[in-house]
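Chains, contacts and geometry: an overview
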Amino acid sequence: MTDVTEHRAARPRAEFLHRFSLRDAGTLIGLVVILAVFGALVPGFFAERNLINILQQSSINACLALGMTLVIISGGIDLSVGPTAALSAVISASMLVAGVPFPLAIAAGFAIGLVCGLLNGVLVAYVGLQPFIVTLGTLSTYRALALIYTGGNPVLGLPAGFRAIFNGSLFGLPLAVIIVAVVALIAWIILKKTPFGEYLLAVGGNEEAAYIAGVPIARTKIAAYAISGLLAALAAQILIGRLGAAEPILGNLWELDAIAAAAIGGASLMGGKGSVVGTILGAVILGTMRNGLTLMNVQSFYQLLATGLIILAAMLIDRVTRGRG
Amino acid sequence: MSVARLQFEGISKEFPAVRALRDVSFSVGAGEIHGLLGENGAGKSTLLRILSGVYRPTAGSVLIDGRQVALNNPVAARAAGVAMIHQELQQVPQLSVAQNMFLGHPLTRGGIFVARREQERRAAQALAALDPTIDPAVPLGSLKVAQRQIVEIARALLDRARIVAMDEPTSSLTPSEFERLAEVIAGLARDGVAVVYVSHKLDEVFGICQRATIMRDGVVVETIDLAQVSEKTVVSMMVGRELAQEQHRSHASSEVRLSVRGLASATKVHDVSFDLHRGEVLGIAGLVGSGRTELLRLLAGADRASSGRVEIDGKGVKLPNPRDAIAAGIGLVPEERKREGIVPLRSISSNMALASMGVFAPHGVIDHSRLKRVAAEKMKRVNLRPFLLDRPIRLFSGGNQQKAIIGRWLAAGTRILLFDEPTRGIDVGAKAEIYHLIEELAAEGHSVVVVSSELPEVIRLADRVLVIRDGTVAAELDRADLSEQAIAAHAIPQSETQGRQAQGHWAGA
């Protein structure tokens, strides 16, 4: 009976923690520490312009990392996000250059992302191949298709009207940041409030048990990869809007940054665990590191080193604190 | 037995939040087989982990042959002559038997190359005394669980272990395999090894141990001479109260809820037909491998039937996957809870709601207040303890995990509940609760199928028993005809019945 009363007393706190987990709080502390360090070392680091810059620079990775988080939670991995984005980018771009109306060209880009994701999902869920191998294969395949389609050349000269769509700003924030924020909100709702979110966590947490409990395993997995593909396409649109051109080699190594952001944010590559809030914080941590180190004129070699160390540190802290959360 | 081979002296172990062991003292003599009994959470596993060097005690000491030993890590424990045989075998199935036996400290030539032949020769020597049919060169994965257990014991012999601790070694053995293992253990004892034997199965402990130490809530209740006490006394010592003997009451109606005709699978189930009534508890008995689990999986939609017809309330149903089976009102409480039952990281509420998401999210978004309400109601119904609905299910005991899985089907409005080994790995107190729950569910009009290897369990629960042999119904026994002998007589293939009596410990649960 004491259990019950204790439970009641602890309820408000538990509810708060339910919303904002201990793990996310840890990631937030990490971000605050990193911000403080750069704030002390770099004059003008906290200028509004620079902070907005950080968000803008983080937005593409955050977008991919959100999709990656869902896939990782389902127990999989999507290594093909960069090439998916590239394929989506060159197809949209060449349609735009050819004078196709913007909505149609953008829709085509999303359709490509969706198809790429669906193919990954079907190979994983129905054919039963390992996600790492499947997406390693499609990583090369999609990249090759983008290169073949363009002959290896960039698609240049996107119409200014299209560029304006993704380069605008709203309430003083770049539109790209707002779009990704909305995507993050949707992803959070999906994970916390929908059956699909529960299914993702269950499939990644224990596929066999989820199956016995009637969870539609294949549909859940395919949906995760499809969303990852769609978000890769969204990242592609944002990027070509910003650059005004689409290169077939665009998005090289994007998958690694996305995985890093998800992992820093608390996603477990074993599946069944991950956080939208954490992933966003993880993406901003990576963006902040890059921004701050660049402002300090640190050589890119060392930037790479710092990124690597941040990931390892996050995992070590995870390991040490596990079992208490 | 002047100096005990193994002596625990005032062992305490504290974890940040809990005190797992308090002042545990008892001793095991050379050549003694000593039972270690207690419910889950009583501290048996913690004590074994201290013995095998995984944990270090907060206070107290371990003495081997009268000398205090520092068991700071598993390697040190092994060097001190302690061998652990785990419940879930810690072996590498892809490697050969010999490689597994020398895992971690291979024999080498010149410190570089593994001396494979020599390893196999010595492995064969160690195995010869136990089970000469095991070939040290074959991959370990090709052996049966019982043989893998023997390999583990042979490994202990190789290490010249003076103390062998066995944690639930028989949880998946058949009766003849258990007998073989019991002989092997007796052999170890004859050679002067001290054996610490942890098991939930009292009849086994009574069968092979001389003395036993009973633990409850981290302390030793008593060390007893098993010849002097009854099983009933032991159980009440373990639980700390008397467990009431329940009388069986049938709630079966004449109304047929589930009708199965000619059900067969591609592999293990051949032509099974039976009816299940409303409010009935139907027991299914049979040896391990007779097709019991496979039959349940067909009914739960987890595997596909190759032929046969299933009707619910007179209407034919198709069960191509669990989702459709659940929609038809069938839910499976699987045997291997960890593998097929729970999603360990998720909360009790989430685990409960998994099978009825459609109910909790009628418009696509989960109604969390409703989910909480239903979870509170169902978990109260199954008497979850501690009553923490947001806590990850992995932190609960096996019995409470099982209650949550039962709650899952209650929330889903399931009318036909299939239990596969409902109390495997569950301690005595929770066992009685699960039995009670099953009976209440039947009384409420649920139809229940219970597959169990423990005959007393089947007899306790079932209104009627189907005995399965070689994938088909060998006999149907009414309540009046139920006895362990009657079930065993039908379950065991004819060639095997001669010369072997039905044992109390049955096809080990």
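About the thresholds
Residues numbered from 1 in each chain as written. Chains lettered and ligands numbered in written order. Predicted model: local features only at pLDDT ≥ 70, side-chain atom pairs only at ≥ 80, totals over all residues. Heavy atoms only, no water. UniProt positions renumbered as here; feature names shortened; annotations may be inferred. Helix = DSSP H or I, 4+ residues; strand = E, 2+ residues; numbered from the N terminus. Buried < 20%, exposed > 50% of the residue type's maximum accessible area, 1.4 Å probe, protein only. Contact = heavy atoms within 4.5 Å. Lys, Arg positive; Asp, Glu negative; His and termini not counted. Charge placed at Lys NZ, Arg CZ, Asp CG, Glu CD. Pairing = 2+ DSSP bridges. Axes fitted to C-alpha atoms, helices over the stretch in contact; angles between N-to-C directions. Patch = residues over 30% accessible without salt bridge, like charges linked within 9 Å, V, L, I, M, F, W, Y side chains within 5 Å. Areas by Shrake-Rupley, 256 points an atom, 1.4 Å probe, with all protein chains shown as cover. Salt bridge = Lys/Arg side-chain N within 4 Å of Asp/Glu carboxyl O. Domains from an automatic or database assignment. Buried area = accessible area lost by both parts, 1.4 Å probe. Parallel < 35°, antiparallel > 145°, perpendicular 65-115°, else oblique. Left-handed = near helix turned anticlockwise from the far one by under 90°. Nonpolar A, V, L, I, M, F, W, Y, C, P; charged D, E, K, R; others polar. Polar contact = N/O pair within 3.5 Å; in protein donor to acceptor, adjacent residues only side chain to side chain. Phe/Tyr/Trp six-rings, centres within 6.5 Å; stacked < 30°, edge-to-face > 60°. pLDDT = per-residue confidence, 0-100.

Per an unreviewed UniProt entry, chain B goes by the name Ribose import ATP-binding protein RbsA and belongs to Mesorhizobium ventifaucium. UniProt lists a comment for chain B under the heading Sequence similarities (unreviewed entry), and it reads "Belongs to the ABC transporter superfamily."

Under an unreviewed UniProt entry, the name given to chain A is Ribose ABC transporter membrane subunit, and the organism recorded is Mesorhizobium ventifaucium. Per UniProt, chain A carries the Subcellular location (unreviewed entry) text "Cell membrane".

**Looking at the overall build of chain A**
Helix and strand content of chain A: 15 helices and 2 strands. Referenced to the eigenvectors of the C-alpha coordinate spread, the extents of chain A come out at roughly 75 × 55 × 35 Å. Evaluated residue by residue, chain A yields a buried proportion of 50% over its 325 residues. Restricting the contact set of chain A to residue pairs at least 6 apart, pairs at least 24 apart contribute 79%. In chain A, 18 side chains carry a positive charge and 13 a negative one; their mean positions are 3 Å apart.

**Things to note about the sheet that holds strand E11 (residues 211-216) of chain B**
Residues and elements named next belong to chain B. Pairing is mixed in the open sheet, where 6 strands are placed in the order E6-E9-E10-E3-E11-E12. Only two strands of the sheet have a single neighbouring strand rather than two, namely strand E6 (82-85) and strand E12 (219-225). On average, each strand axis in the sheet is tilted by 20° relative to the strand beside it, whichever way the strands run. Strand direction decides the pairing type here: E11 and E12, joined by 6 bridges, are antiparallel. Within the sheet, the bridge partner assigned to arginine 216 lies in E12 and is valine 219. In the packing of helix H1 (residues 44-51) onto the sheet, the strands contacted are strand E3 (33-37), E6, strand E9 (163-167), strand E10 (194-198) and E11, and the crossing angle to E9 comes to about 145°.

**Focus on the side chain of threonine 150 of chain A**
By secondary structure assignment, the location of threonine 150 of chain A is in helix H7 (residues 131-150). Setting aside anything within four residues of it in sequence, one finds threonine 150 of chain A in contact with Val90, Val155 and Pro248 of chain A.

**Concerning the sheet that holds strand E1 (residues 6-14) of chain B**
Residue and element names in this part refer to chain B. Spatially, the 4 strands line up as an open sheet ordered E2-E1-E4-E5, and their pairing is antiparallel. Single-partner strands in this sheet number two, and they are strand E2 (19-28) and strand E5 (67-69). On average, each strand axis in the sheet is inclined to that of its neighbour by 30°, with strand direction left out of account. As paired strands, E1 and E2 are joined by 6 bridges and run antiparallel to one another. Within E2, the position partnered with isoleucine 11 by the bridge is valine 24.

**Notes on a nonpolar patch on the surface**
All names here are of chain A. Residues Ile29, Val33, Val37, Leu41 and Met296 make up a contiguous nonpolar surface patch of about 440 Å² in total accessible area. If you trace the backbone, valine 37 turns up in helix H3 (residues 22-41). On the accessibility criterion, valine 37 (41% relative accessible area) is partly exposed.

**Considerations on the domain arrangement of chain B**
Interfaces are often described in size by the accessible area the parts lose on coming together. Residues and elements named next belong to chain B. Examined at the domain level, chain B breaks down into domain 1 (6-239) and domain 2 (256-497). Of note, the centres of domain 1 and domain 2, computed from C-alpha atoms alone, are 33 Å apart. Facing 9 residues of domain 1, the contacting portion of domain 2 comprises 9 residues. Where domain 1 abuts domain 2, roughly 780 Å² becomes buried across the two surfaces, and 57% of that area is made up of carbon and sulfur atoms.

**Quick notes on the pairing of strand E16 (residues 307-312) of chain B**
Residues and elements named next belong to chain B. Both strand E13 (residues 256-264) and E16 contribute to a ladder of 5 bridges, which runs antiparallel. Counted as the bridge partner of alanine 264 is serine 307 from E16. Looking at chain direction, E16 and strand E17 (residues 315-317) are connected through 3 bridges and run antiparallel. Paired with valine 310 across the two strands is valine 317, which belongs to E17.

**Here's the deal with the packing of helix H14 (residues 368-381) of chain B against helix H15 (residues 398-411) of chain B**
Helix-helix packing is characterised by the crossing angle of the two axes and by the distance between the axes. All names here are of chain B. H15 packs onto H14 with a crossing angle of 125° between their chain directions and a minimal axis gap of 9 Å. With respect to their mutual orientation, H14 and H15 come out oblique. Two packed elements cross with a definite hand, and for H14 against H15 that hand is right-handed. Residue-level inspection shows Val374, Lys378, Met379 and Arg381 of H14 in contact with H15, the latter providing Ala404, Gly407, Leu410 and Ala411. Per-class residue counts for the contact of H14 with H15 are 5 nonpolar, 1 polar and 2 charged.

**Digging into the interface of chain B and chain A**
Each side of the interface is counted separately: chain B has 32 residues, and chain A has 26 residues. Interface area lost by chain B to chain A is led by Arg323, Arg346 and Leu354 of chain B, which between them contribute 21%. Scanning the region where chain B abuts chain A turns up 2 salt bridges. Among the ionic pairs, arginine 346 of chain B bridges to glutamate 198 of chain A, the shortest N-O distance being 3.0 Å. There are 9 residue pairs in polar contact (both at pLDDT 80 or more) connecting chain B and chain A. Listed by contribution, the elements that provide at least two residues to the side of chain B that touches chain A are helix H10 (322-327), helix H11 (337-341), H14 and H15 of chain B.

**Considerations on the packing of aromatic side chains**
Residue and element names in this part refer to chain A. Enumeration according to the criterion identifies 6 aromatic pairs over all chains in this entry. With a centroid separation of 5.5 Å and an interplanar angle of 70°, the aromatic rings of phenylalanine 45 and phenylalanine 46 are classed as edge-to-face. Residue phenylalanine 46 is classed as partly exposed on the basis of its relative accessible area, which comes to 48%. Judged by centre distance (6.2 Å) and plane angle (65°), the rings of phenylalanine 102 and phenylalanine 162 are edge-to-face. With phenylalanine 102 in helix H6 (residues 102-125) and phenylalanine 162 in helix H8 (residues 160-167), this pair connects stretches of sequence that are 60 residues apart. Overall, the relative accessible area of 0% leaves phenylalanine 162 in the buried class. Ring-pair connections join several aromatic residues into one group, and the members of that group are Phe38, Phe45 and Phe46.

**With respect to the packing of helix H9 (residues 175-193) of chain A against helix H12 (residues 217-243) of chain A**
All names here are of chain A. The interhelical angle for the contact between H9 and H12, taken along N-to-C directions, is 170°, at an axis separation of 11 Å. Considering their axes alone, H9 and H12 lie roughly antiparallel with respect to each other. Counted together, Ala176, Ile179, Val180 and Val183 of H9 and Leu231, Leu234 and Ile238 of H12 form the full contact between these two elements. Per-class residue counts for the contact of H9 with H12 are 7 nonpolar, no polar and no charged.

**Notes on the confidence of the model for chain B**
Here chain B averages 89 in pLDDT, while 94% of its residues score no lower than 70. Predicted confidence is poor over residues 496-509 of chain B, with pLDDT under 50, and the contacts of this stretch with residues over four places away or in other chains come to 47 contacts.

**Details of the UniProt feature "transmembrane region" (unreviewed entry) in chain A**
All names here are of chain A. The feature "transmembrane region" (unreviewed entry), as annotated in UniProt, sits at residues 25-47, 59-77, 89-116, 123-145, 165-191, 222-240, 260-288 and 300-317 in this numbering. When the span residues 25-47 is considered, its composition is 74% helix and 0% strand, and the gap between its end C-alpha atoms is 25 Å. Here residues 123-145 is 78% helix and 0% strand, with 18 Å between the C-alpha atoms at its ends.

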